[in-house]
Every structure is written in C-alpha cells, then in structure tokens.
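# Structure at a glance
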Amino acid sequence: MTGTQNQVDDLISIPALLARNVRDFGDQDAFREKEFGIWQSWTWSEVAEEIEAMALGLAGLGLAKGDHVAIIGRNRPKLYWAMVAAEKCGAIPVPLYQDAVAEEMAYVLEHCGARFVICGDQEQVDKVIECQEKVSSVEHVVYYDPRGLRKYDHSKMTSLEGMMASGRAAEASLRADLKAREAALTYDDTCVMLYTSGTTGRPKGVVLSNRNIIEASKASSEFDSLTHDEQILAYLPMAWVGDFIFSVGQSFWNGFCVNCPERAMTMYENLHEIGPTYFFAPPRYFEERITILTIRMEDAGRLKRNMFKYFMAHAREVGPDILDGKPVGGWDRFKYWLGNICVYGPLRSRAGMSHVRVAYTAGEAIGPEIFDFWRSLGINLKQLYGQTEASVFITNQPDSEVRSDTVGVPIPGVEIKIGDNGEVYYRSPGTFVEYYKNPESTASTKDPEGWVATGDAGFIEESSGHLRIIDRAKDVAKLSTGQMFAPKYVENKLKFYPNILEAVVIGAGRDHCCAMVNIDLTAVGNWAERNNIAYGSYQELAAHPQVYQTVQEHIEEVNRSVAQDEMLNGCQIHRFLVLHKQLDADDGELTRTMKVRRAVINDKFGDLVDALYDGSKEIYTETEVTYEDGRKGKITATLEIRDAAVQPVGQRMAAE
Amino acid sequence: MVLDTGDSYVTADGRTIGGVLMEMKNITLKFGGVTAIKDISFDIREGEIRAIIGPNGAGKSSMLNVISGFYKPQEGEVWFRGAVRGPVKPFQVAQEGIARTFQNIALFEGMSVLDNIMTGRLTHMKTNMVAQAMWWGAAEKEENENREKVERIIDFLEIQAIRKTPVGRLPYGLKKRVELARALAAEPMLLLLDEPMAGMNVEEKEDMSRFILDVNDEFGTTIALIEHDMGVVMDLSDRVVVMDYGKKIGDGTPDEVRSNQAVIDAYLGVSHD
C-alpha cells in the first residue's frame, strides 16, 4: 500500500525535496512576501541558503535530534523555513495557533516539551514568557521581528537574524554534524506535529511522518494535476494541517510558489495582486465575499444592478454546465461569453480569482447557492473532505463531477468504508502515526489494521460512488420521541442565510428542538444602515425586534424544508433566541478553526437552554467574555425568546 | 534626583535619558485680559516621554502651542537645543525637528493615507516643484527614497491595509494613527502629541500607548504629550508637569505627582479663591 517509488528517488523528507527543487527549479520563485508595500521574492536556491543558515543556527544553539520546536506567528516565509530547518536538524516542528491565549499555548508547549520556540513578534514572545512561569521545558526563544524586544532579557533569547548569523559563522564546526543529521532522516521520521483544535477536550498532538505528508501531497497533486507553476496565497493559520500541506507539502513536492500576504488585514488586496492559480478557503470565506458583493450591488446604480441580475441569472443556468464541459447551446454560450466580459470577468478579478484553476473548500458544508454562485462564474470550486489525522486528503471531487451535496471520491491510495453505526472510516498512506503521548486515543481512533474513525456519519451514494457526510457521528442522537436528531443538518440550512452567521440547535434527549442564533454583523449591519436603524453594538442590533422577525422568518422557512425530510422532520425548531454575543474561539465556544463546541455552549449558556424549554418569554443572563489580550469581562443582557411556527408532521402523515 | 542640564541617566527599563533638549523659562502667555499661562518653567530631556496634564482649561494646549512656536509668550524664554528661540515660522519649526499631532484631527480628508503621510516628508525634499511635477531625475530618486521611509512608518504603525484608502473614510481611531504617522514621517527630534487617546476605546488606547512607547524606544524620539486619561499618562511618562488655571502645581515622576497634595486637590476639586 505504501508507495516505495519515492524512496527510490530519495525524496524521503522535506529537506530532500528542497534539494531537488534547487536542482530542478533553482531560479524559480519559491516564496514571496509583501513588505514595505513591495513584493519581495526568494528563489528556491535562495530559500535553501536561508534554511541552511537557520539549521546551522539552531544546531549551534544546541537543538538536538528529536527535540520539538514550537513555531508561532502569522504566515511569513521565514517561519515556514524555520520549520524545514528544524527538520534538517532532525527535530520536529510544531506550529501553534498564533491567536491562542497564553493558557492554551502553555498546554501545548508543556505537552510537546518544546525546548525551543520561534516567535513571529513581540506579542508571541510575551505569551511564551508568560507560559515559561509554568512550563519549564522552554529553554530558548528565537524571534523574527525585533520590534519592542530590545529591552528584554537576552540571556535566553535571540533574534532569528542573529541566530542565522552565528550559524553561518560557526559553519565549519557544525556542517559535518548537520549533514549527518540530514542524511539520517528516514521516510518514517516525523515531519511535523500538529495539534488538532478538538471540539471536545484538550488538543491532541497528531504526529505526521514524512511518508504521510509526502504521499498525501503527491496523490493530491496528481489528482488535480498541480505543477511547479502554481501560485498560492498562504493566509490560513500555520498550525492548521491544510496550510502545512498546501504551503509546505505540496509546494515542496511540486516546487510551486507560496505567497505570504503583508498582514491578515490586507489579504483581499494581496489576493487580487497575486491572482493565485490554486486556492483554498473555508465556506465562511466564500459566503463572506458574496455578502460583501451583494451589499455593493445593492448600493450600485440601476444599470449595473440590472446587468448583474440579468447575467447572473444566465450564469446560474449554464455556468456550471460550461465548466463541467457538458453540452450547452450556441446562443447560451454567446450570452455567457458576453456576460463574461461585462460581469463574470470583473467579479473574478475583484475576488482575486482570475487565474484560479482549482479552488477547494472544506471543513463545513457549503450552501448550495453559494457553491453554485462561484462555479457559475467559471471558478472551478470543489469540495474536499479530510482531517488532520489523514494529512488532509480523504476524498476530493474530480473535475466534471462536482456537486454541492457530496464531498467526492477517495483520492488514489485512500480506502473508505462505512461502519455499522454509519461512521466513515478510512485508511491511507497519509494516515497519522499516533497521537503524541496519548496511546489510548490513538488506539480508539486507529485500529490495528490502520482504519481510522473520522467521527463523521455519512454514506456512499450508490449512483455516483461519492461520499456524503450527514453530521458529526457523536452529535447524531435521538429526541425523546425517538426521532433522529442531526443538529448540523439544520444548522447548515440556517447558516445558508446571509443574515445568520452561526446557529446552535439543541434537542438531544428532549421532545423538541430549539435554536440559538448569531446574526452576521456585516449583512444585518448593512440592512440596518439602509433602513436607518441605529445601533451601538452587536448586542443592540441582535435584540432589535425587526432582526428577530427576520430570523424568525428564516427559521420558519427552514422548518418547512426540514419537514420534507422523513428521517429528520423531528428537528424542526420550536423556539429560538438571538444570542447577545458572537460565539468566539477566545471564549472557548468555537474551535480555532471556527467549529461549534456543543458541550461548552450547553454548559455556558445552560440558563438560556433552560429558558428555551421552560416556556419563558425572556431571560436575563450574564456571560463572561475574554478580550484579545486574555483579560476577562462580563456582559449582561435580557434576551427575548420567540416561538417559531412548525409544520405538523404527524398529522400530514396521518392524512396521507 | 537633581540633574544638571547636561547630565544623563538610565531609566529602570533601560532607556537612556539625555541632557535638556528644550527648556521653558518663566513663560507667561496672555490673550487680551486672560492669562492662559502664568510664569511656568520646566524642561524636556532628550529621549524622555514628558506629559503635561491638568483639568480642562488649565492651559495645556496653550503650553503645547508655545512649545511648537505657534504662540509667542509675552514673557519668558523658550530654549531649544541650547539656544534661545526667536520668533519662528511654522516651516522653520518643522525644519528644527519638531512635529505634532492635533487634538482635533487635521488631515487632508480627500487624500489617501499614503499621500497624507508623504506630506510629512516635505521638509526632507530638496528638489523644486517643477521637477517633482515632472517626476524627473533627482525628483524621482528623491520620491522613491522618501516613499521607502514612509513605507517603514506604515509598517511600524501597522496600517498597511489602509495605505490607499482616503482618510475621510477611516474611523476615528485610525485617523489618529495616520496623524501620528505623518508626524513621524518628518523624523522629528521632538514629537508633540495633543491628546493622542481622546475619544478612543480601551483597545485603541492600548494600541496607541504601545505605539508611543515603541516610537520612543525604536527611534529615540523625545515625546511631549497632553492627555486626560490618568492611567495612560502615569504608565507612559517619565516625568509629568501638572497645570491648573495656568499655573504649574506639580512636576516630577508619576509617583511624585500622584502623591502631591496640590495635584490631588486640583483633580478632586477644591475651591479656588
């Protein structure tokens, strides 16, 4: 099952891939970053030199084989190189979420026992210093941006530049050792360790070997014929497996160029400037952009608005078919061509998607309308299904077989099966080695034959062979009436409305379902502006009666749609409220990858849940919030609870 | 601690505070019959953050305008870099190395952030208007050099995302930051900040405080600031001058000032006869 072809080529580690890229594409741009308003670039040869210097520097500081090196910061070329440099030394890079508060960081640093931490800037250094009070393993901090750090105690701290310089200076004495360490790397050595965000419990350290990363990168690159000419924008958290696969695995495997935005805030602008050929974004991103576009079009002149409406209607009709290469009439093709000049082209350009050959979305279900919107513009947006434990790729949609309701077929090398309880299992060369220092979880997730439980419930569609995901397996439960309860199914339907950002449906073990909703401040805020509704905060807008009315209409529409589903018609929402705060990862309500943590929410908003079920019309509540810098505060609110109309399922069935 | 004009010392956090950069000697400023400032003397040392505080109407902004040379006091002398300063025009003040921000933001609303900050570089441009308009020869080189300096400031103040946005479209907190950027673009020796945190929320205040400390630390710029938020002033400054009704009622380190009875009275409101 495990391909040995790579081993023959000696491409058995990231440093080995780097050496190959220097040989084959030495003069081609490997990394770019916008700094001081200008894109700076480094070729593969230059990158290799920088990585060499970093590796020498790290070895000079005393980094030993098998050590863990934590890397914390936003996407910057030097931090990616630091990961490769660590591997060169035989150490294991552990990228951390840069927006994690010190407490979360301390847990991970403690767990992996990192001796060295490489920080992007002062903010991260401060957090690590705070952690050091509790975590004794951290011996040395290396920082990239020196700003504000001059006055810090430098006895256990070095700048990245300084470390590289001393590495270069001591080259003669370190070179032989480093070379030996690099030569000793095997296909089954650890390439990277990534902590899963975990919707329940503490994060787990997923150990991924060179084999996992390289085989997954290879198979997925071949699946969508990626080449060394691709351009990608690296803007997603470095600690997330997807970013590691795209910006390191696939980039080093294919030799394509990784572009880092100037700052997180400039991402849209940088995307437009770079025009990537290969792009990944979570569904939320595609929704957001449509929300912004819709708002702009509502503010535009009549001519533009009508043109947009006319051509978008046409695109929705024939766009996806043209993209899939299905037969489309000559007149329709002409109209699409015209629309492409007037509307689709400019929209693609604005979104920075003019050159996109392949775009992926994953992580959550995407609304069919949102999905079709982008495809109708001629953007080859696909859904894939994966997880950290699989080195991302489990299934992917082949060109011309793209649909919004499936996640595609297994990529080459991956096998999938459905368990008796409906849970999806897979086995692949990308399958993780183990959870670090956690044999129990490893054993309960991966069986001796290598099958991994995904935790998702799904089925394979007979007609197409595509996998369809219903919900998280552990979230699928029963109502006290015995009907099936799949919260995500309903939540996704709700979230497809631009006004609703997040929804949490409750009902397991109860006789009916209720919902807590977060409104989308961009969409609802714009609506408020156009209707001259003044509001001072999220909380105030969320409590507005007209907002409640709108949300109620959405919920009732969803109820009508849910009632159609024979299996899940018990999931209609009887009562709801609009939350007074946005669910936030800093408060632990969402994971760092923006997934709802049900247990935390049920616990934290227990008073609201009780009120939803005891029939009260309103409820007074106090909630603790965490600010960006980790301090805590409190917000209070009196929330209205409304009833929503439900479809009489039982009666209709009786009448039939 | 008694220091001489030329003495320097090192602060607890490791910064070097140099000799006296600017000295106010017995300044009195009158508007007709109203005495805004009455016989005030204090100095500003190189590399320090010096705050001027006081209740509303204490004469703080007038004092800042005396420092900037905009108001000429009827009595007293302003010493800057070891010499008495005579009557000065605003551009001369800029050339001397003094830059400021305003209590009510004074930016060009219709121009982009970048262009606004570029205006701060004017005193550093030598080529004439015609050459600049034609963007030719030395003017082109000069603009590129200045642009680079401006880009470094944009990077420093983390406003890359709004580089090309017209200032009029920005929220208040960001406008304040752009104003600071423009003042910094002049590479001043002495930076005057007139209520840099006014109208900001807690998070914006924290950001601004960090920037002020970083400016002082990274560029060694001497900073004189007026501020209402006591917490901010006490945290930021090395020394504080307290004014009330045009008179100086206190001068010293934040701790000294905090325990000064006259200052406490001024803030808690004791009747003035």
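Residues numbered from 1 in each chain as written. Chains lettered and ligands numbered in written order. Predicted model: local features only at pLDDT ≥ 70, side-chain atom pairs only at ≥ 80, totals over all residues. Heavy atoms only, no water.

The name an unreviewed UniProt entry gives chain A is Long-chain-fatty-acid--CoA ligase, with Candidatus Rhodobacter oscarellae as the organism.

### Examining the overall build of chain A
Rules: Counting from the N terminus, the helices are DSSP H or I runs at least four residues long and the strands are E runs at least two residues long. For the radius of gyration, the atoms used are the C-alpha atoms, and the globule rule reads 2.2 Å times the number of residues raised to 0.38. Only protein chains enter the accessibility calculation, which uses a 1.4 Å probe; a residue is then buried when its area is under 20% of its type maximum, exposed when over 50%, and partly exposed in between. Contact between two residues is taken to exist if any of their heavy atoms lie within 4.5 Å; hydrogens are not considered. Computed with a 1.4 Å probe, the accessible areas rest on the Shrake-Rupley method; for each residue, only the protein chains presented here act as cover. We treat Lys and Arg as the positive residues and Asp and Glu as the negative residues; His and chain ends play no part in the count. Note on charges: their place is set at NZ of Lys, CZ of Arg, CG of Asp or CD of Glu.
For chain A, the helix and strand inventory stands at 23 helices and 29 strands. A compact globule built from 656 residues would reach a C-alpha radius of gyration of about 26 Å, and chain A, at 26 Å, matches this within 12%. Each of the three principal axes of chain A carries a C-alpha extent, and together these read 85 × 65 × 55 Å. The buried share among the 656 residues of chain A stands at 58%. If you take every contact in chain A between residues at least 6 apart in sequence, the share linking residues at least 24 apart comes to 65%. Only carbon and sulfur atoms are counted for the fraction: they give 51% of the accessible area of chain A, which is about 26,800 Å². Here chain A contributes 69 positively and 94 negatively charged side chains, and the mean placements of these two sets differ by 2 Å.

### Here we look at the interface of chain B and chain A
Threshold: The buried area of a pairing is the accessible area, by a 1.4 Å probe, that goes missing from both parts when the two are put together, added over both. Put simply, a salt bridge is a Lys or Arg side-chain nitrogen that is within 4 Å of an Asp or Glu carboxyl oxygen.
Taken together, the 18 residues of chain B in the interface contact 16 residues of chain A. Both faces considered, chain B and chain A share a buried interface measuring about 1,700 Å² in area, 40% of it formed by carbon and sulfur atoms. Its largest share of buried area at the contact with chain A, chain B owes to Gln160, Ala161 and Asp217 of chain B, together 27% of the area lost on that side. Remark: the boundary between chain B and chain A carries 5 salt bridges. Between glutamate 158 of chain B and arginine 147 of chain A there is a salt bridge, and its shortest N-O distance comes to 3.7 Å. Of all the elements in the fold, those that place two or more residues in the side of chain B that touches chain A are helix H5 (138-156) and helix H7 (202-219) of chain B.

### Side note on the packing of helix H2 (residues 14-25) of chain A against helix H10 (residues 241-254) of chain A
Residues and elements named next belong to chain A. Put simply, the test is: For every element, the axis is a line fit to its C-alpha atoms; helices are fit only across the contacting stretch, and the angle between N-to-C directions ranges from 0 to 180 degrees. When an angle is under 35 degrees it counts as roughly parallel; over 145 it counts as roughly antiparallel; between 65 and 115 it counts as roughly perpendicular; any other value is oblique. By the definition used in this description, the sense in which the near helix is turned from the far one sets the handedness, with an anticlockwise turn below a right angle giving left-handed and a clockwise turn giving right-handed. When residues are grouped by polarity, Ala, Val, Leu, Ile, Met, Phe, Trp, Tyr, Cys and Pro land in nonpolar, Asp, Glu, Lys and Arg in charged, and all others, Gly among them, in polar.
Between H2 and H10, the least distance of the axes is 8 Å, while the angle of their chain directions is 40°. With respect to H10, the element H2 is oriented oblique. Where H2 crosses over H10, the two elements pack in a sense that is left-handed. In contact with Ile14, Leu17, Leu18, Arg20, Asn21 and Phe25 of H2, H10 contributes Val248, Ser251, Phe252, Trp253 and Asn254. Looking at the contact of H2 with H10 residue by residue, the classes come out as 7 nonpolar, 3 polar and 1 charged.

### Looking at helix H8 (residues 171-183) of chain A
Residues and elements named next belong to chain A. Rule in force here: Helices are assigned an expected span. That span is 1.5 Å times one less than the residue count.
Here H8 is 13 residues long and its end C-alpha atoms lie 17 Å apart, about the 18 Å a rise of 1.5 Å per residue gives. Looking only at H8, the buried set comprises Leu174, Leu178 and Arg181. Those residues of H8 that are buried lie in contact with helix H3 (44-61), helix H4 (77-88) and helix H7 (160-169).

### As for the side chain of glutamate 556 of chain A
All names here are of chain A. Here glutamate 556 lies in helix H20 (residues 545-563). Of the side chains with opposite charge, arginine 560 lies nearest to the buried glutamate 556, which makes no salt bridge, at 5.4 Å. Other than its neighbours up to four places away in sequence, glutamate 556 contacts Asp643, Ala644 and Ala645.

### Focus: a negative patch on the surface
So the rule is basically this: A residue counts toward a patch only above 30% relative accessible area and without a salt bridge, and it is joined to like-charged neighbours within 9 Å or, for Val, Leu, Ile, Met, Phe, Trp and Tyr, to nonpolar neighbours within 5 Å.
There is a patch of like negative charges on the surface, built from Glu123, Asp126, Glu130, Glu133 and Glu628 of chain A together with Glu203 of chain B. When residues of the negative patch are assigned to their parent elements, the largest contribution, 3 residues, is made by helix H6 (residues 122-132) of chain A. For glutamate 203 of chain B, the position within the fold is in helix H7. Judged by relative accessible area, glutamate 203 of chain B falls into the partly exposed class, the value being 39%.

### Considering the nonpolar core
Residue and element names in this part refer to chain A. The condition is simple: Grouping buried Ala, Val, Leu, Ile, Met, Phe, Trp, Tyr and Cys residues that are joined through side-chain atoms within 4.5 Å yields what is termed a nonpolar core. Domain delimitation in this document rests on an assignment produced automatically or drawn from a domain database.
Counting 153 residues, the largest nonpolar core has Phe279, Phe286 and Trp374 as the members making the most contacts within it. Tallying contributions element by element places H3 first for this core, with 10 residues. Structurally, this core is a two-domain feature, drawing no fewer than three residues from each of domain 1 (5-280) and domain 2 (283-424 + 455-472). The residues touching phenylalanine 286, leaving out its near neighbours within four places in the chain, are Phe279, Ala281, Met353, Tyr360, Thr361, Ile366, Ile370, Trp374 and Leu381.

### Some remarks on the environment of alanine 86 of chain A
All names here are of chain A. The residue alanine 86 is located in helix H4 in this model. Taking the C-alpha atoms as reference, alanine 86 lies 8.9 Å from aspartate 67; in sequence the two are 19 residues apart. Among all residues touching alanine 86, those that are not within four sequence positions of it are Leu58, Val69, Ala91 and Pro93.

### Some details on the sheet that holds strand S4 (residues 34-45) of chain B
All names here are of chain B. Note the cut-off: We call two strands paired when DSSP finds no fewer than two bridges between them.
Overall, antiparallel pairing links the 4 strands, which are arranged S4-S3-S6-S7 in an open sheet. The sheet is open, and its two edges are formed by S4 and strand S7 (83-84), each paired on a single side. Where strand S3 (residues 20-31) and strand S6 (residues 75-80) come together, 5 bridges link them in antiparallel fashion. Paired with threonine 28 across the bridge in S6 is glutamate 75. The strands touched by helix H1 (residues 60-67) are S3, S4 and S6; relative to S3, the strand with the most contacts, the crossing angle is about 120°.

### Details of the domain arrangement of chain B
Residues and elements named next belong to chain B. Taken domain by domain, chain B consists of domain 1 (1-97 + 188-273) and domain 2 (109-186). The C-alpha centroid of domain 2 is placed 27 Å from the C-alpha centroid of domain 1. Listed by partner, the interface residues are 19 residues for domain 1 and 12 residues for domain 2. Here domain 1 meets domain 2 over a buried area of about 1,300 Å², counting both sides, of which 77% is carbon and sulfur.

### Let's talk about the packing of aromatic side chains
Formally: A pair of aromatic rings is counted whenever rings of Phe, Tyr or Trp (Trp by its six-membered ring) have centres within 6.5 Å, and the orientation is called stacked for planes under 30 degrees apart, edge-to-face for over 60 and tilted otherwise. Cation placement over rings: the criterion is NZ of Lys or CZ of Arg within 6 Å of the ring centroid and within 35° of the ring normal.
Inspection of the entire model under this criterion finds 32 aromatic pairs over all chains. Ring centres 5.5 Å apart and planes at 40° place the aromatic pair phenylalanine 70 of chain B and tyrosine 71 of chain B in the tilted group. The class for phenylalanine 70 of chain B is exposed, based on a relative accessible area of 60%. In this structure an aromatic cluster arises from ring pairing among Tyr235, Tyr268, Phe279, Tyr285, Phe286, Phe373 and Trp374 of chain A. Of note, arginine 20 of chain A hangs over the ring of tryptophan 253 of chain A, and the distance from its end group to the ring centre comes to 5.9 Å.

### Topic: a nonpolar patch on the surface
All names here are of chain A. On the surface, a cluster of nonpolar side chains totalling about 560 Å² of accessible area is made up of Trp331, Phe334, Trp337, Leu338 and Ile341. Mapping tryptophan 337 onto the fold places it in helix H14 (residues 330-350). For tryptophan 337, a relative accessible area of 49% gives the class partly exposed.

### Here's the deal with the domain arrangement of chain A
Residue and element names in this part refer to chain A. If you check the domain split of chain A, you get domain 1 (5-280), domain 2 (283-424 + 455-472) and domain 3 (477-655). Computed over C-alpha atoms only, the centres of domain 1 and domain 2 are separated by 31 Å. With 29 residues of domain 1 at the interface, the matching set in domain 2 holds 32 residues. Between domain 1 and domain 2, the buried area comes to about 2,500 Å², and carbon and sulfur atoms account for 63% of it. Considering only the surface of domain 1 that becomes buried against domain 2, Phe223, Tyr268 and Phe279 emerge as the three largest contributors, covering 27% of it. Here aspartate 224 and lysine 382 are joined by a salt bridge, their closest N and O atoms 2.5 Å apart. Elements with a minimum of two residues in the side of domain 1 that touches domain 2: strand S9 (205-209), helix H9 (210-223), H10, helix H11 (267-274) and strand S12 (278-280).

### Things to note about the pattern of salt bridges
This structure, assessed with the given rule, holds 66 salt bridges over all chains. Glutamate 502 of chain A is the partner of arginine 284 of chain A in a salt bridge, and the nearest nitrogen-oxygen pair spans 2.5 Å. Of this pair, arginine 284 of chain A sits in helix H12 (residues 283-299) while glutamate 502 of chain A is found in strand S24 (residues 500-506), placing the two residues 218 residues apart along the sequence. Residue arginine 284 of chain A is classed as partly exposed on the basis of its relative accessible area of 25%. For glutamate 502 of chain A, a relative accessible area of 3% corresponds to the buried category. Between lysine 474 of chain A and aspartate 475 of chain A there is a salt bridge, and its shortest N-O distance comes to 3.7 Å. The exposure class of lysine 474 of chain A is partly exposed, given its relative accessible area of 48%. We classify aspartate 475 of chain A as buried; its relative accessible area is 13%. Shared partners join several salt bridges into a network, and the residues in it are Asp43, Glu48, Arg50, Arg239, Lys248 and Asp251 of chain B.

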